[in-house]
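Examining the three-dimensional arrangement
This is what each chain is made of:
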Amino acid sequence: MIHIRIANREQIPIIVAEHLRKQLERKPDSVIGLPTGSTPLMVYREIVAQHKKGKIDFSRVITFNLDEYVGLDGKHVQSYKYYMYKNLFRHVNIDLNNTHIPNGVAENLEEECRRYDQLIEQLGGIDWQLLGIGLNGHIGFNEPGECLSAVTHVQRLLEETRIANARFFGSLQDVPTHAITMGMGSILRAKKIVLIATGQEKAKILAKAVNGPITTRVPASFLQLHQDVTFVLDQAAASAITRLRNDSCEFAH
Ligand code: PGA
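Description of the structure in this document. (Residues numbered from 1 in each chain as written. Predicted model: local features only at pLDDT ≥ 70, side-chain atom pairs only at ≥ 80, totals over all residues. Heavy atoms only, no water.)

**A closer look at the sheet that holds strand β7 (residues 153–156)**
To keep things clear, this is the line we draw: Two strands qualify as a pair provided DSSP detects at least 2 bridges between them. Counting from the N terminus, the helices are DSSP H or I runs at least four residues long and the strands are E runs at least two residues long. Fitted lines through C-alpha atoms give the axes, limited to the stretch in contact for helices. The angle between two N-to-C directions lies from 0 to 180 degrees. Throughout, a residue-residue contact means that at least one pair of heavy atoms, one from each residue, lies within 4.5 Å.
Strand order in the open sheet made by the 3 strands is β4-β8-β7, with antiparallel pairing throughout. Every interior strand has two partners, whereas the edge strands, β4 (67–69) and β7, have only one. Direction aside, neighbouring strands of the sheet carry axes that sit 30 degrees apart on average. Of the strands in this sheet, β7 and β8 (178–181) are in contact with helix α4 (residues 109–122), which crosses β7 at around 120 degrees.

Set out below in structure tokens:
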């Protein structure tokens, strides 16, 4: 069941931070899954603000990031390791040893993927997963195609994804061609999932994810199978979603 919450853009980070606060109140040592990209930035800012007010405590939290570019080490300003440190980790009381991001410069990438999955499993799986959604429906870097992978894997990025992310790099040729991404299995096994999206340009793909058939052509459509997913959207992003066939969606304003 996908719950849809529609809110003003400024309310979105507040709603998500509150969701996380409640999660950590229930389970202070939660394993949380984290995304990167532009949409989560406002959420991280709010989480940091809540932390500074003493409302969110990261001392026992364990994090797993969804993905990392192949070939970028943590010193590269476009690496997701750098992003997470800059936008979240250095501002909160998290133990950096409890933060996990795939190593995009591992000598053996296949081994790195297996290590990542084993670690997620050893630590009990993801309790609370925050997601963005790509314009093409990807979650993490699980790109649309003939098939999806359940496990962490090296993903060749589609041209459309590289073009969408070129804005961060300055030029398309600087965008890595591959990334390591958590697979659909770890994401769908997360106990709770919160997906955030804003803006008209995401409206079409969100309608496909929520109203359309479950298909590997729209990886986010698999979220329809999950028991506890909340999409937190602004009006523009939610504008093409219709009330649903077979109760797989519930609106809460
Ligand atoms: P965005 O990225 O937040 O920068 O739009 C979303 C995604 O690709 O997952």
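**Description of the nonpolar core**
As a reminder, the rule being used: Among buried residues, the Ala, Val, Leu, Ile, Met, Phe, Trp, Tyr and Cys ones that are joined through side-chain atoms within 4.5 Å form a nonpolar core. Under the scheme applied here, a residue whose accessible area is under 20% of the maximum for its type counts as buried, over 50% as exposed, and between as partly exposed, the area being computed with a 1.4 Å probe on protein chains only.
The biggest cluster of nonpolar side chains holds 36 residues, and the ones touching the most others in it are Phe64, Leu195, Leu206, Leu223, Phe231 and Leu233. Sequence-distant contacts of Phe64, defined by excluding residues within four places in its chain, comprise Val31, Ile32, Gly33, Leu34, His100, Tyr116, Leu119, Ile120, Leu123, Ile126 and Met182. Counting residues in hydrophobic clusters, the runner-up holds 29 residues, among them Ile12, Ile15, Phe58 and Ile94.

**Quick word on the environment of Leu123**
Residue position: Leu123 is located in the loop between α4 and β6 (128–131). Classification of Leu123 as partly exposed rests on a relative accessible area of 34%. Spatially, the C-alpha atoms of Leu123 and Ile241 are 36 Å apart, while their sequence positions differ by 118 residues. Contact partners of Leu123, with chain neighbours within four places excluded, come to Val31, Ile62, Phe64 and His100.

**Section: the side chain of Glu46**
Put simply, the test is: In summary, the charge assignment counts Lys and Arg as positive and Asp and Glu as negative, without counting His or the chain termini. Here a salt bridge means any side-chain nitrogen of Lys or Arg lying within 4 Å of a carboxyl oxygen belonging to Asp or Glu.
Relative to the assigned elements, Glu46 resides in helix α2 (residues 40–52). No salt bridge forms around the buried Glu46; measuring N to O, its nearest opposite-charge neighbour Lys53 is 5.2 Å away. Residues within four places of Glu46 in sequence aside, it is in contact with Pro13, Ile14 and Ala17.

**Description of the site of the ligand**
Worth spelling out the cut-off: Distances are taken per atom, and a residue is near a molecule or strand as soon as one of its heavy atoms is within 4 Å of it. Think of a polar contact as two N or O atoms within 3.5 Å of one another; within protein, one of them needs to be a possible hydrogen donor and the other a possible acceptor, and neighboring residues in sequence only count if both atoms come from side chains. Only the protein chains shown count as cover for residues, and the accessible areas themselves come from Shrake-Rupley with a 1.4 Å probe.
Around the ligand sit Gly37, Ser38, Thr39, Pro40, Gly132, Ile133, Gly134, His138, Arg167 and Lys202, and that is every residue in its neighbourhood. At 2.8 Å from an oxygen atom of the ligand is found a side-chain nitrogen or oxygen belonging to Ser38. Side-chain polar atom of Thr39 to an oxygen atom of the ligand: 2.5 Å apart, as the coordinates give it. Here the ligand loses 84% of its free accessible area of 280 Å² to cover by the protein chains.

**Focus on the environment of Leu195**
Tracing the chain through its elements places Leu195 in strand β9 (residues 192–197). For the pair Leu195 and Ile139, spaced 56 residues apart in the sequence, the C-alpha separation amounts to 9.4 Å. Not counting the four nearest positions on each side in its chain, Leu195 is found in contact with Leu131, Gly132, Ile133, Ile139, Leu206, Leu223, Thr230, Phe231, Val232 and Leu233.

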